[in-house]
Amino acid sequence: MTALERLDHTHSGYRSGGARSPGFLSRLRERRAQRDYEASVIAFANALRGEFREACSGLGICHYVQVAAGITIRTPRIGEVRPGPPLRFTVELLPGQEPADFTSKQNGPRLAHTLGGHGLRVEPLAGRWVRLVVLGHDPLADGFGLPALTVASGAEAVILGRTEDGITLGHAVTDPAHLGVQGQNGSGKSAFCYGLLSQLAAAPDVLVAGSDITGLLLGRAWDDTAHRPHQVVGTADIAAHAVLLEDLVAEMDRRLATIPARRDKIEPSMGTPTVLVVLEEFPGLLRAADGLPKPKRGEGVPVGDRIRSAVLRLLSEGRKAAFRVLMLAQRFEATAVGGGYARDQFALRLSFRVPADSLEMLHGTDARRFGQEHANADPGIAYLSGLGRDCERLRVPYLGDYAEYCDRLATHGRPAHR
Ligand SMILES: Nc1ncnc2c1ncn2[C@@H]1O[C@H](COP(=O)(O)OP(=O)(O)OP(=O)(O)O)[C@@H](O)[C@H]1O
Ligand SMILES: [Mg+2]
């Protein structure tokens, strides 16, 4: 509204009925509604202060102070309250308290439930002040679809998932990290990788190679793409998996030998792409290889050992040569994935639904508190740690059914002749 229009507006208000005009009455109503609203916010804030105080003393997020009359309880002070949704309020921590005291596994859900929510998020403000946000429902309860996106280069981030604070996490395949993914049957490991690989399939400087005994993640879906010749699938010829992995090691060695002067790593390009070595259901591959008849003494190395040592070399030396490993397993037990040393090489670790001990095994003792709840997680919900991030819960994007994966690869997959 311009100044002139505003003038006109006020003027017409006077003309059409003076003090009893509809304009005057509506302003009166508006002011009363505003007063009522403010009173209700104050009443709400007072009630919240009471409930918060009770909850904090019940949960021991308080100080016990000895005074002449006995013991008195001090709880963190609430500052500004915004009814939301989501309900938010600022809190001044007592000396010695940490923001995480409100959101710990023990206190977080109880405090949230007392305040009528599902969970809590704590945001540090200045000094000892933090903001508590009461989340109305599990922010990861709703899935999110993966649009038909592809990256133009391995240096661009692909979508890994969305965290509880609504942040979308990305990861570039050129980042120096091998990726380990564990999860029970049907927890969403493969579906996550459908999303990941479909985003990478078009990049001219990325090659999706690897071994897949199930033949679903790699294999037929990649026919007619430049990636397919570097993939071995199925269980009919387990030795072929060893041959492929040894070829990849040979290529890695060739690259390591030709690192340009004054450089300590290969820069990926169309000629020397970042090779993503996918190892779908790797423990299954090792089991199948170890089940083969052993060669006689002096007549070669058992296939299982060949696979183990090739993968170990890719894991320990591959980063400099633009090789990245993406390993999937139901459980990242050291013996199942080629040893504890191999397991330690995964800088980025993702756990879909797993029993509590498996979660702790891959993410360390920090993850212990999430174990019980994560043991029943829905497909697509995972914990991620690594690359400077604490263990955090996220939902991975879902591309749709398997046919959609095939369609996206057929449409976007880098063709064989490029
Ligand atoms: N992100 C997701 N959102 C919603 N549903 C999902 C998601 N991921 C997987 N699912 C559902 O869970 C089913 C099992 O997923 P998937 O095949 O990826 O499991 P998996 O961990 O690979 O299991 P397995 O160890 O048996 O291979 C899928 O068919 C799909 O219906
Ligand atoms: Mg699977």
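Residues numbered from 1 in each chain as written. Chains lettered and ligands numbered in written order. Predicted model: local features only at pLDDT ≥ 70, side-chain atom pairs only at ≥ 80, totals over all residues. Heavy atoms only, no water.

The name given to the protein in an unreviewed UniProt entry is FtsK domain-containing protein, and the organism recorded there is Actinomycetospora rhizophila.

Undergrad: Before we move on, can you summarise the packing of aromatic side chains with the specific residues and values?
TA: Where two aromatic rings form a pair, the distance of their centres and the angle of their planes describe that pair. Evaluated as defined, the whole model comprises eight aromatic pairs. Geometrically, the ring pair formed by Y402 and Y405 is tilted, given 5.8 Å between the ring centres and 50° between the ring planes. Placement of the pair is Y402 and Y405 together in helix 12 (residues 402-412), with a separation of three residues, close to one helical turn. On the accessibility criterion, Y405 (0% relative accessible area) is buried. (Phe/Tyr/Trp six-rings, centres within 6.5 Å; stacked < 30°, edge-to-face > 60°. Helix = DSSP H or I, 4+ residues; strand = E, 2+ residues; numbered from the N terminus. Buried < 20%, exposed > 50% of the residue type's maximum accessible area, 1.4 Å probe, protein only.)

Undergrad: Talk me through the UniProt feature "domain: FtsK" (unreviewed entry) in the protein; I want residue IDs and the actual numbers.
TA: In this numbering, the UniProt entry assigns the feature "domain: FtsK" (unreviewed entry) to residues 164-361. Summarising residues 164-361: 34% helix, 19% strand, and an end-to-end C-alpha distance of 23 Å. (UniProt positions renumbered as here; feature names shortened; annotations may be inferred.)

Undergrad: Mind laying out the UniProt feature "binding site: ATP" (unreviewed entry) in the protein, listing which residues take part and the relevant values?
TA: In this numbering, the UniProt entry assigns the feature "binding site: ATP" (unreviewed entry) to G183, Q184, N185, G186, S187, G188, K189 and S190. By the secondary structure assignment, Q184 is in the loop between strand 9 (179-182) and helix 5 (189-200). Every residue in contact with Q184, bar those within four places of it in the chain, is listed here: K189, Q330, R353, V354 and P355. Within the secondary structure, N185 is located in the loop between strand 9 and helix 5. Given the relative accessible area of 57%, N185 is considered exposed. If sequence neighbours within four positions are ignored, N185 has contacts with Q330 and R353. (Contact = heavy atoms within 4.5 Å.)

Undergrad: Quick one: what's the story with the site of ligand 1, residue by residue and with numbers?
TA: Taken together, 14 residues lie around ligand 1, and G186, K189, S190, A191 and Q330 are the ones closest in. The backbone of G188 places a nitrogen or oxygen atom 3.0 Å from an oxygen atom of ligand 1. K189 places a side-chain nitrogen or oxygen 2.7 Å from an oxygen atom of ligand 1. Burial of ligand 1 by the protein chains amounts to 67% of its free accessible area of 630 Å². Ranked by residues supplied to the shell around ligand 1, first place goes to helix 5 with three residues. Considered class by class, the residues forming the shell around ligand 1 number four nonpolar, eight polar and two charged. (Near = heavy atom within 4 Å. Polar contact = N/O pair within 3.5 Å; in protein donor to acceptor, adjacent residues only side chain to side chain. Areas by Shrake-Rupley, 256 points an atom, 1.4 Å probe, with all protein chains shown as cover. Nonpolar A, V, L, I, M, F, W, Y, C, P; charged D, E, K, R; others polar.)

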